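Given next are the chains, with one letter for each unit.
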Number of protein chains: 2
Amino acid sequence: MSEKLSIAVDVMGGDYGPRITLPACINQLKKNPHLTLYLVGDQSVFGPYTETLSTALKSRLHIVPTTSVVSMEDKPSFALRHRRESSMFKALELVKNNQASACVSGGNTGALMALGCHVLGRLSGIDRPAIISAIPTNKSHAYLLDLGANVNCSADQLLQFALMGSAMVSAVEGNSSPRTALLNIGIEDIKGNDQVRQAASLIQAQQQLNYVGFIEGDEVFNGRAEVVVCDGFTGNIALKSNEGLARLIAGKLKQSFNRNLYRRILGLLAQPVLKELQQQIDPGRRNGASLLGLQGIVIKSHGSASSRHFEAAIEQAILDSKLNIPARIAEKLIHQ
Amino acid sequence: MSEKLSIAVDVMGGDYGPRITLPACINQLKKNPHLTLYLVGDQSVFGPYTETLSTALKSRLHIVPTTSVVSMEDKPSFALRHRRESSMFKALELVKNNQASACVSGGNTGALMALGCHVLGRLSGIDRPAIISAIPTNKSHAYLLDLGANVNCSADQLLQFALMGSAMVSAVEGNSSPRTALLNIGIEDIKGNDQVRQAASLIQAQQQLNYVGFIEGDEVFNGRAEVVVCDGFTGNIALKSNEGLARLIAGKLKQSFNRNLYRRILGLLAQPVLKELQQQIDPGRRNGASLLGLQGIVIKSHGSASSRHFEAAIEQAILDSKLNIPARIAEKLIHQ
């Protein structure tokens, strides 16, 4: 595969739109001399960010003007019918037409899923795509899926998530047999709902998966598994809940180090330690969740991502492109 | 209500049994001169802990010998049929017979639920009991239920949880109109599964509830609601996941403060700050989750609780007894 890479970015998506996506895009163009970006969005938003760029940089930046935006309130079905001129739809089309190897959006997740399925199509053997992202553990990190694309999941779907997650982690981490677990409310066979119990049998029967059983919410951080499978309702709430707790802890630490002059000095001295912690546990640092199961690469950025975090999502798109994750998944599905 | 209080303790429950429950019981007896404890368990385990106690203390300690134990692997149905001589069953019977005002157990949650329903009975209007506990927020704390008693929950059950949680928080916090929210993967009306969407209509229709809508996982820590309702599968995984993350962060901080001599000194100086943080976010500090919806008070301690944390569970039993939580819930149910 050539080093040259093109990524399509839905610059209108996310809570802050172009204000955070465009600085991130330009930074990534500067950092990666082999990168070309398709910036998809309303014609009027680009000027302030792109006008002053060097000609060399401009040559790797293609503006794709659009006239509509998927809003956070749009139902997936509505987006499918009425948002075909949107920045999200057009960014996906660039992947479909092989102009870009991946697309990045911080927009409405449900709509991104629906438009992704419609424009790119699903991989054979996949009912519904899933969202995957890495979370820190005491060893290194684990990949959790689904993070919110699928509210209700059948046992078959959970099996598909296990296969996709395992393929992704094999590729990204160079781990040929990542330990795969099912998130549950206990580790005994009788625990959980029908879907997870049935999924356990299905996953166990797959010789190509290294299934290590049920895993509880706290154990995820112990590094007992590299792939953790759950339905999107649970996964989304667990992940966001962790983000909330991480922020709460950071806030409490700050407050505590601000209590008096002595503590403020102590806090200044402890800055490197606190920065280290922030970097290790900051969920935003790993911003950029892959939508697995599509015939193409789609990266979902957190809606409230900062510009630095949006850059991480673009980096994820670059990584997934270099590793050709959809092909790796397709291969895994053939062997099941 | 008299200040005198009797609590029944299943001393065999939990991962460590009498080794942690008995020291906790004795400490609580020493701390609370009006407290009487019924210690329910195998006759042979008490000696080392109770023999040397003063006569005054012994007079407030009743040993109830039992010959069987509910194991962590016992299915609820099995426990119902074969564990009628167990410490858990006998402790519940003491509440039923009004010898104790509450019972505390660190044993098998499913069995505690099933035996609790069987021995004490449910409150009229409650399909299934729910487990509630407090989690820290940036304002103070919020109460989350259900935390694992019910894997699948109907919209009706979620409404019942909202009523019970609201009654409990009113009593414990002296807040007559606690803000009540439904945990979901988005705040828009279209988000989530059928159960939460239907529950939203049911809860909204209740004039006596201060319903504030859907709440996402991260917002729980913002103090936007005092009562957060969810099914037991999601609640259990979110809570345990938070416990895991809190431990991970504590571990990383320790590691970071141990990197070299300078950092170790800094760590020593920062001890008060770190202790403060630990106290504020330690999930174990709030150990002792109430099983709401029964005609009697049952407190579930974390299976892996330390002796200090098991004491917190006994304190929760004392608090729930003083406030007569089941009566407060019954009152709320009449007015729905």
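Residues numbered from 1 in each chain as written. Chains lettered and ligands numbered in written order. Predicted model: local features only at pLDDT ≥ 70, side-chain atom pairs only at ≥ 80, totals over all residues.

**A look at the overall build of chain A**
Across its full length, chain A carries 13 helices and 11 strands. For 336 residues, the compact-globule estimate of 2.2 N^0.38 gives 20 Å, and chain A sits close to it at 21 Å. When the backbone C-alpha atoms are referred to their principal axes, chain A occupies close to 60 × 60 × 40 Å. Expressed as a percentage of the 336 residues in chain A, the buried residues total 53%. Intrachain contacts of chain A at a sequence separation of at least 6 include 72% that bridge at least 24 residues. (Helix = DSSP H or I, 4+ residues; strand = E, 2+ residues; numbered from the N terminus. Rg over C-alpha atoms; globule rule 2.2 N^0.38 Å. Buried ≥ 20, exposed ≤ 12 C-beta atoms within 10 Å, placed from the backbone. Contact = placed C-beta atoms within 7 Å.)

**Topic: the sheet that holds strand β1 (residues 5-10) of chain B**
Paired through backbone hydrogen bonds, the strands of a sheet run either parallel or antiparallel to each other. All names here are of chain B. An order of β3-β2-β1-β4-β11-β10-β5-β6-β9-β7-β8 is seen for the 11 strands of this open sheet, with the pairing classed as mixed. Each having just a single partner strand, β3 (61-66) and β8 (210-215) make up the two edges of the open sheet. Within the sheet, the average angular offset between the axes of one strand and its neighbour, ignoring direction, is 25°. Direction of pairing for strand β2 (residues 35-42) relative to β3: parallel, over a ladder of six bridges. Counterpart to Gly41 in the pairing with β3 is Pro65. (Pairing = 2+ DSSP bridges. Axes fitted to C-alpha atoms, helices over the stretch in contact; angles between N-to-C directions.)

**Let's talk about the environment of Leu159 of chain A**
All names here are of chain A. The topology assignment puts Leu159 in helix α7 (residues 155-173). For Leu159, a count of 24 C-beta atoms within 10 Å puts it in the buried group. For the pair Leu159 and Val196, spaced 37 residues apart in sequence, the C-alpha separation works out to 9.6 Å. Dropping the residues within four chain positions of it, Leu159 is found in contact with Ala199, Leu202 and Ile203.

**Overview of the domain arrangement of chain A**
Residue and element names in this part refer to chain A. Structurally, chain A comprises domain 1 (1-126 + 293-336) and domain 2 (128-283). Computed from C-alpha coordinates alone, the two centres of domain 1 and domain 2 are separated by 25 Å. If you list the elements that add at least two residues to the side of domain 1 that touches domain 2, you get α6 (109-120), α12 (307-323) and α13 (325-334). Element by element, the count of residues in the side of domain 1 that touches domain 2 is highest for α13, at five residues. In terms of residue class, the side of domain 1 that touches domain 2 is built from nine nonpolar, five polar and four charged. (Domains from an automatic or database assignment. Nonpolar A, V, L, I, M, F, W, Y, C, P; charged D, E, K, R; others polar.)

**Focus: α12 of chain A**
Residue and element names in this part refer to chain A. With 17 residues, α12 ought to run about 24 Å at 1.5 Å a step, and its terminal C-alpha atoms sit 25 Å apart, in line with that. Restricting attention to buried positions, one finds in α12 the residues His309, Phe310, Glu311, Ala312, Ala313, Ile314, Gln316, Ala317, Ile318, Asp320 and Ser321. Positive phi appears at Asn324, one or two residues downstream of α12, with a value of about 50°. (Expected span 1.5 Å × (residues − 1).)

**Observations regarding the interface of chain A and chain B**
Contacts between the two partners involve 49 residues from chain A, matched on the other side by 49 residues from chain B. Mapped by element, the contributors of at least two residues to the side of chain A that touches chain B are α9 (232-257), α10 (261-269) and α11 (271-281) of chain A. Looking at which element gives the most residues to the side of chain A that touches chain B, the answer is α9 of chain A, with 21 residues.

**Structural notes on unusual backbone geometry**
Residues and elements named next belong to chain A. Of note, the bond from Leu145 into Asp146 is cis; its omega dihedral lies within 30 degrees of zero at 5°. With respect to the element layout, Asp146 can be found in the loop between β6 (141-145) and α7. Not every positive phi belongs to a glycine, and Asn98 is a case in point at roughly 65°. For Asn324, which is not glycine, the phi torsion reads 50° and is therefore positive. Position of Asn324 relative to the elements: it lies in the loop between α12 and α13.

**A short note on the pairing of β1 of chain B**
Pairing geometry for β1 of chain B and β2 of chain B, over six bridges, is parallel. For Leu5 of chain B, the partnering residue across the bridge sits in β2 of chain B and is Leu35 of chain B.

**Focus on the relation of the copies chain A and chain B**
Once chain A has been moved 0.0 Å along the axis and rotated by 180°, it coincides with chain B to within an RMSD of 0.0 Å. Put plainly, the chains are arranged around a two-fold axis. Taking the C-alpha atom as reference, chain A places Ala238 of chain A closest to the rotation axis, 2.3 Å from it. Both copies contact each other with a shared surface, as 100% of the interface residues of chain A are interface residues in chain B too. (Least-squares fit on C-alpha atoms with pLDDT ≥ 70 in both.)

**So, the sheet that holds strand β3 (residues 61-66) of chain A**
Residue and element names in this part refer to chain A. Spatially, the 11 strands line up as an open sheet ordered β3-β2-β1-β4-β11-β10-β5-β6-β9-β7-β8, and their pairing is mixed. In this open sheet, the two strands that pair with only one neighbour each are β3 and β8 (210-215). Adjacent strand axes in the sheet meet at a mean angle of 25°, parallel and antiparallel pairs treated alike. Each of β5 (130-136), β6, β7 (179-183), β9 (227-229) and β10 (289-292) touches α7; the most contacted strand, β9, lies at about 160° to it.

**Examining the confidence of the model for chain A**
Summing up the model confidence of chain A, the mean pLDDT is 93 and the portion of residues at 70 or higher is 98%. Reported confidences for the modelled complex are a pTM of 0.92 and an ipTM of 0.89. (pLDDT = per-residue confidence, 0-100.)

**A closer look at the pairing of strand β5 (residues 130-136) of chain B**
All names here are of chain B. Taking burial as the measure, the seven residues of β5 include seven buried ones, the bulk of the element. With burial as the criterion, each face of β5 is covered, one bearing Ala130, Ile132, Ala134 and Pro136 and the other bearing Ile131, Ser133 and Ile135. Relative to strand β10 (residues 289-292), β5 runs antiparallel, the two sharing three bridges. The residue of β10 that forms the bridge with Ile131 is Leu291. Between β5 and the antiparallel strand that follows it, strand β6 (residues 141-145), lie four residues.

**Comments concerning the nonpolar core**
In this structure, Ile7, Val9 and Val228 of chain A together with Ile7, Val9 and Val228 of chain B are the most contacted members of the largest nonpolar core, which totals 216 residues. When near neighbours in sequence (up to four residues on either side) are disregarded, Val228 of chain B contacts Ala142, Tyr143, Leu144, Ala181, Leu183, Ile215 and Val220 of chain B. (Core = buried A, V, L, I, M, F, W, Y, C linked by C-beta atoms within 7 Å.)

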